[in-house]
Amino acid sequence: MEQAMIGFGGNRGNSDRICREGLARLEGYSRIHILKVSSLYRTEPVGVVEQDWFINGVVECETSFEPRELLDVLHRIEDELGRVREIRWGPRTLDLDILAYGRRVISMPDISIPHPRLHERRFVLVPLAEISPDWVHPILNKSASELLAGLSAEPGQTVRQV
Ligand code: PH2
Ligand code: MG
Ligand code: MG
């Protein structure tokens with residue numbers, strides 16, 4: 001069993017409900033056990049700004065799936081909940097990302113772990129630091145709370161607990 005951090009988010013349809021349904025489906029796999037779920041946050045869109053605010057959160061789980069198998073499961077759940085693969089960083093019904101998988105570092109065209117932008121995204125670091133402030137980034141060797149504290153207070157990354 002390995003410990004994985006998974007980020008979830010969406011901004012199309014009833015995102016609150018869709019995110020919860022996504023987590024229920026994740027928990028439905030016998031090889032995945034959710035250990036902690038963050039609060040839900042309403043977050044300002046990053047990247048493409050002309051779109052609705054997102055609902056975001058993070059779960060910590062334990063799984064016997066290998067990273068690529070886990071990624072397939074996440075894509076399957078995204079598809080089941082109606083995700084159309086659209087523009088990068090654009091609106092989506094449900095996005096499930098592997099943020100970290102143990103302390104493994106994987107860099108391949110189709111899978112990058114830890115998530116290459118997690119350390120600069122407030123919508124990831126706030127929920128991550130809520131459930132696991134002492135989690136340590138395997139490359140940067142900084143904890144979630146240190147990474148969050150290190151983010152500059154630039155505008156455009158507002159994150160509010162729902
Ligand atoms: N996901 C993106 C791009 N921008 N912004 C917010 N607030 N939340 C997201 O989950 C998000 C985003 C691409 O995955
Ligand atoms: Mg994704
Ligand atoms: Mg994403």
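Right above here is the structure, for reference.
Residues numbered from 1 in each chain as written. Chains lettered and ligands numbered in written order. Predicted model: local features only at pLDDT ≥ 70, side-chain atom pairs only at ≥ 80, totals over all residues. Heavy atoms only, no water.

Student: When you look at the overall build of the protein in this model, what are you seeing that I'm missing?
Tutor: Helix and strand content of the protein: 4 helices and 8 strands. Going from N to C terminus, the protein has its helices and strands arranged as β-α-β-β-β-α-β-β-β-α-α-β. Relative to the compact-globule value of 15 Å for 162 residues, the protein shows a C-alpha radius of gyration of 15 Å, a close match. With the principal axes as the frame, the protein shows a C-alpha extent of 40 × 35 × 30 Å. (Helix = DSSP H or I, 4+ residues; strand = E, 2+ residues; numbered from the N terminus. Rg over C-alpha atoms; globule rule 2.2 N^0.38 Å.)

Student: Is there a simple way to think about the site of ligand 1 in this case?
Tutor: Around ligand 1 sit Thr43, Glu44, Pro45, Val46, Phe54, Asn56, Trp89, Arg92, Asp95 and Phe123, and those are all the residues in its vicinity. At a separation of 2.8 Å, a nitrogen atom of ligand 1 approaches a polar side-chain atom of Asn56. When isolated, ligand 1 has an accessible area of 330 Å², and the protein chains bury 96% of it. Among the residues making up the shell around ligand 1, the classes are represented as 5 nonpolar, 2 polar and 3 charged. (Near = heavy atom within 4 Å. Polar contact = N/O pair within 3.5 Å; in protein donor to acceptor, adjacent residues only side chain to side chain. Areas by Shrake-Rupley, 256 points an atom, 1.4 Å probe, with all protein chains shown as cover. Nonpolar A, V, L, I, M, F, W, Y, C, P; charged D, E, K, R; others polar.)

Student: What should I look at first to understand the state of the cysteines in this one?
Tutor: Two cysteines whose sulfur atoms are joined by a covalent bond form what is called a disulfide. Throughout the structure, instances matching the rule amount to 0 disulfides. Summary of cysteine pairing: Cys19 is not part of a disulfide, and the nearest cysteine sulfur, belonging to Cys61, is at 15 Å. Since its relative accessible area comes to 1%, Cys19 is described here as buried. Cys61 sits in the buried class, given a relative accessible area of 0%. (Disulfide = S-S within 2.5 Å. Buried < 20%, exposed > 50% of the residue type's maximum accessible area, 1.4 Å probe, protein only.)

Student: Quick question: what am I supposed to make of the environment of Glu27 here?
Tutor: Among the structural elements, Glu27 can be located in helix α1 (residues 15–27). The class for Glu27 is partly exposed, based on a relative accessible area of 37%. Separated by 34 residues in the primary sequence, Glu27 and Cys61 have C-alpha atoms spaced 9.1 Å apart. In this structure Glu27 touches Ile32, His33 and Ile34, once residues within four positions along its chain are discounted. A polar atom in the side chain of Glu27 sits 2.8 Å from the backbone nitrogen of Ile34. (Contact = heavy atoms within 4.5 Å.)

Student: Can you walk me through the nonpolar core in this structure?
Tutor: In terms of nonpolar packing, the biggest core is built from 26 residues, with Ile6, Leu26 and Leu70 touching the most fellow members. Counting residues per element, the ones that place at least two in this core are β1 (2–10), α1, β4 (54–63), α2 (67–80), β5 (95–101) and β7 (111–113). With 5 residues, α2 is the single largest residue contributor to this core. With residues up to four places along the chain from it excluded, the contact list for Leu70 reads Ala4, Ile6, Ile32, Thr63, Phe65, Ile98 and Tyr101. (Core = buried A, V, L, I, M, F, W, Y, C linked by side-chain atoms within 4.5 Å.)

Student: Explanation requested: the coordination of the magnesium ion (ligand 2) in the structure shown.
Tutor: The textbook angles at a metal center are 109.5 degrees for a tetrahedron of four donors and 90 or 180 degrees for an octahedron of six. Taken together, the protein donors to the magnesium ion (ligand 2) comprise Asp95 (OD) and Asp97 (OD), at separations of 2.1 to 2.2 Å. The distance between the magnesium ion (ligand 2) and the magnesium ion (ligand 3) is 3.7 Å, with Asp95 acting as a donor to both metals. A relative accessible area of 16% places Asp95 in the buried class. (Donors = N, O, S within 2.8 Å, 3.2 Å for Na, K, Ca; no water.)

Student: Sorry, what's going on with the pattern of salt bridges here?
Tutor: Any two side chains of opposite charge can pair, given that their charged atoms come close. For the coordinates displayed, the defined rule picks out 8 salt bridges. With a shortest N-O distance of 2.8 Å, Glu21 and Arg25 are connected by a salt bridge. Here Glu21 pairs with Arg25, and both are found in helix α1, just 4 residues apart, close to one helical turn. Looking at Glu21, the relative accessible area reads 28%, which means it is partly exposed. Between Arg31 and Glu69 there is a salt bridge, and its shortest N-O distance comes to 3.7 Å. Pair noted here: Arg31 is in the loop between α1 and β2 (32–37) and Glu69 is in helix α2, with a separation of 38 residues, a long-range link. For Glu69, a relative accessible area of 34% gives the class partly exposed. A single network of salt bridges, built from pairs that share partners, joins Glu21, Arg25 and Glu80. (Salt bridge = Lys/Arg side-chain N within 4 Å of Asp/Glu carboxyl O.)

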